[in-house]
Amino acid sequence: MPWFNPWFWLAGITFSLFTGIVAGSYPALYLSSFQPLKVLKGNLRAGRFAAVPRKVLVIVQFTVSVSLIIGTVVVFRQIQFAKNRPVGYNKGGLIEVRIDSPELFRRYAALRNDLRNSGAVVYMAESSGSVTAQDGGTTNFSWPGKNPDSHPLIMSNSVTHDYGRTIGWKLSRGRDFSRAFSTDTSAIILNESALKLTGIQKPLESFVRVNGKEFRIIGIVKDMIKENPFSPVNPSWRFGGRSLANALHRFRNPGHYFLPDCDARCPLVYERMA
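Residues numbered from 1 in each chain as written. Predicted model: local features only at pLDDT ≥ 70, side-chain atom pairs only at ≥ 80, totals over all residues. Heavy atoms only, no water.

Trainee: Can you walk me through the pairing of strand E8 (residues 236-239) in this structure?
Mentor: Direction of pairing for strand E3 (residues 154-158) relative to E8: parallel, over a ladder of 4 bridges. The partner of Met155 across the bridge, within E8, is Ser236. In this sheet, E8 lies alongside strand E5 (residues 187-191) in antiparallel orientation, the contact comprising 3 bridges. Residue pairing across strands places Leu190 opposite Trp237, the latter belonging to E8. (Pairing = 2+ DSSP bridges. Helix = DSSP H or I, 4+ residues; strand = E, 2+ residues; numbered from the N terminus.)

Below you can see the structure in the form of structure tokens.
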């Protein structure tokens, strides 16, 4: 809620005043039409259509009440859907660090080895985009049987071999990237939304072309929720036991020679998704 927005408070106060005036106008006008002398003598007789406004108001009140109840149920179910919707990866204990300096990029291998040897992390990988955000894509994506007049936007992300194991994504077909296959530099993994969009019947036997370069499909991963949990997942393609407290301590130690200011640069992924 925009608690600090003056327009929000102005609109709320205006709506409250309007509702109060409308709600109190009928009884005030109705009672002011009585003649005190006739009321005291008991000679008051309602007109033929005197009950019509009351019946209309009762119907309107009932309709509004039912609408509010239905709206509350719908909103509650939407919230529960977003909370229980599978995100497509394991966000628990997942730390994301933005590489925003050439020095850190050059020393990534040393940082990875240091953290792996210390036991602070289990897996570590690089990615061109955030786990929780869409960072770009391409319309220059073609596959066998594609309509030449169709140019859908396919989100893209360049990752290293250990990316899937690091975030814990879930493969529905095929295999993950592996250093055991030198040909994986020309391989891609699609998500289920991209597979549905392309309509490829045998994806693990198919090739696609991206920006003029041919890639072989080696796997299909389940859709991963990014940004808005209420929105459909965009089609996308990717190429390519320790204590969490111990890992955070090693990352966020001010004396760490790789990431001295990691307190502001190492958010937990599940905190971003909250």
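Trainee: What exactly am I supposed to notice about helix H5 (residues 108-118) here?
Mentor: Side chains that are three or four residues apart share a direction in an α-helix, a result of its 3.6 residues per turn. Looking only at H5, the buried set comprises Tyr108, Leu111, Arg112, Asp114 and Leu115. All buried residues of H5 fall inside an arc of 165° around its axis, so they share one side. Phi for Gly119, located one or two positions after H5, is positive at around 80°. (Buried < 20%, exposed > 50% of the residue type's maximum accessible area, 1.4 Å probe, protein only. Arc of directions from axis to C-beta.)

Trainee: Explain the packing of aromatic side chains here, please?
Mentor: The relation between two aromatic rings is expressed through the spacing of the ring centres and the mutual angle of the planes. Tallying each qualifying case throughout the model produces 7 aromatic pairs. Ring centres 5.6 Å apart and planes at 80° place the aromatic pair Tyr163 and Trp169 in the edge-to-face group. According to the relative accessible area criterion, Trp169 is buried, its value standing at 7%. Geometrically, the ring pair formed by Phe215 and Phe239 is tilted, given 6.1 Å between the ring centres and 50° between the ring planes. Residue Phe215 is found in strand E7 (residues 213-221), and its partner Phe239 is found in strand E8; the two are separated by 24 residues along the sequence. Exposure remark for Phe215: the relative accessible area of 6% places this residue in the buried category. Members of the aromatic cluster, connected to one another through ring pairs, are Phe141, Trp143, Phe215, Trp237 and Phe239. Here the guanidinium or amino end of Arg175 rests over the ring plane of Phe181, the centre of that ring lying 3.8 Å away. (Phe/Tyr/Trp six-rings, centres within 6.5 Å; stacked < 30°, edge-to-face > 60°. Lys NZ or Arg CZ within 6 Å of the ring centre and 35° of its normal.)

Trainee: What's the story with the pattern of salt bridges in this structure? I'm lost.
Mentor: Summed over all chains, the structure comprises 5 salt bridges. Residue Asp162 is joined to Arg112 by a salt bridge in which the shortest nitrogen-to-oxygen separation is 2.7 Å. Taken together, the residues span a long stretch of sequence, with Asp162 in the loop between E3 and helix H6 (163-167) and Arg112 in helix H5 at a distance of 50 residues. Its relative accessible area of 17% is what places Arg112 among the buried residues. In this structure, the salt-bridge partner of Glu192 is Lys222, at a minimum N-O distance of 3.7 Å. In this pair, Glu192 sits in helix H7 (residues 192-198) while Lys222 sits in the loop between E7 and E8, placing the two residues 30 residues apart along the sequence. (Salt bridge = Lys/Arg side-chain N within 4 Å of Asp/Glu carboxyl O.)

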